[in-house]
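Residue-level listing of the chains:
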Amino acid sequence: MARPLDHAKRAELLAAVVRYIADHGLADLSLRPLAAELGTSSRMLIYYFTTKEELLVQALATQRPDMAVLFADIAEPAALRDRLWDFWTANTSGAASTSVKVMLQVLGAACAPRSPYVDYAESAIAVFVAALAEGLRGLRSVDDPDVVATLLISGLRGILQDRLITGDVDRTDRAARRLIDQTVR
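All of the points below concern the structure found in this document.

What counts and what doesn't
- Here the residue numbers are simple positions, counted from 1 along each chain's written sequence.
- Two thresholds apply to this predicted model, a pLDDT of at least 70 for residue-level local features and 80 or more for giving and counting side-chain atom pairs, whereas whole-chain, interface and lining totals are computed over all residues.
- Only heavy atoms go into the side-chain values, all of them from the structure, while hydrogens and water stay out.
- For this analysis, a nonpolar core means a set of buried residues of the types Ala, Val, Leu, Ile, Met, Phe, Trp, Tyr and Cys, connected via side-chain atoms within 4.5 Å.
- Burial classes follow relative accessibility: with a 1.4 Å probe on protein chains only, a residue under 20% of its type's maximum area counts as buried, one over 50% as exposed, and anything between as partly exposed.
- Here a strand is any run of E in DSSP of at least two residues, a helix any run of H or I of at least four, and the numbering for each starts at the N terminus.
- Throughout, the arc means that of the directions going from the helix axis to the C-beta atoms.
- A contact between two residues is defined here by any heavy atoms of the two lying within 4.5 Å.
- What counts as a salt bridge is simple: a side-chain nitrogen of Lys or Arg found within 4 Å of a carboxyl oxygen of Asp or Glu.

## Brief notes about the nonpolar core
- Ranked by internal contacts, the top residues of the largest apolar core, which has 30 residues, are I21, L34, L45, L55, L56 and V106.
- For this core, the elements supplying multiple residues, two or more each, are α1 (7–24), α2 (31–38), α3 (42–49), α4 (52–63), α7 (96–109) and α8 (118–137).
- Among the elements that line this core, the one with the most residues is α1, at seven residues.
- V129, L136, V142 and I159 belong to the second-largest nonpolar core, a separate cluster that totals 29 residues.

## Some words on α2
- Along α2, the residues that are buried comprise L31, L34, A35 and L38. Along the axis of α2, the buried positions cluster into a sector of 95°, meaning they face one direction only. Seen from the buried face of α2, the exposed residues on the opposite side, beyond 90 degrees, are R32, A36 and E37.
- Buried positions along α2 lie against α1, α3 and α4.
- G39 occupies a position one or two residues after α2 and carries a positive phi of about 75°.

## Describing the pattern of salt bridges
- All told, the structure shown has nine salt bridges when counted by the stated rule.
- The partner of R81 in a salt bridge is D181, and the shortest N-O contact between them spans 4.0 Å. Taken as a pair, R81 in helix α6 (residues 77–91) and D181 in helix α10 (residues 169–183) lie far apart in primary sequence, 100 residues in all.
- Using a relative accessible area of 30% as the deciding quantity, one classes D181 as partly exposed.
- The shortest N-O distance in the salt bridge between R171 and D168 comes to 3.1 Å.

Given below as structure tokens:
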């Protein structure tokens, strides 16, 4: 009889995977060095997650905020601008920035032909666009919520990537603020 999964150990491994990839990158990810760093074996990682790609997708899924709640019940443009700015600042520094760095690596990897991350990337983008577009629908000043949500998400993602590459916090914060303020009126 197979031993039942230790769900607490599994959750601990998922959080550690996100930190590992943020520190070491996704491009050369190999299960053996990852397992050694996590204090386990590659065999155990496969037991818990089936494949390396599934391990990463599940790790990222644990980091995803509830986007529907984030943009729900917004009736004024100023409130949405504030919520977007709070989301930006919360995800560009501290512990939350770790999962954002990994997510950006996965989104980049999803662009490769036959990438195992395409489904995750499409889902992550769709969830974010749908939640933000729903929040925008409550504003009378937004004529095409899906397009505005796409503009905001894609624009902020690009600015965030710029920030992570260049380290220019001041310029990228100003750019994010301007994009938010000029898009949500």
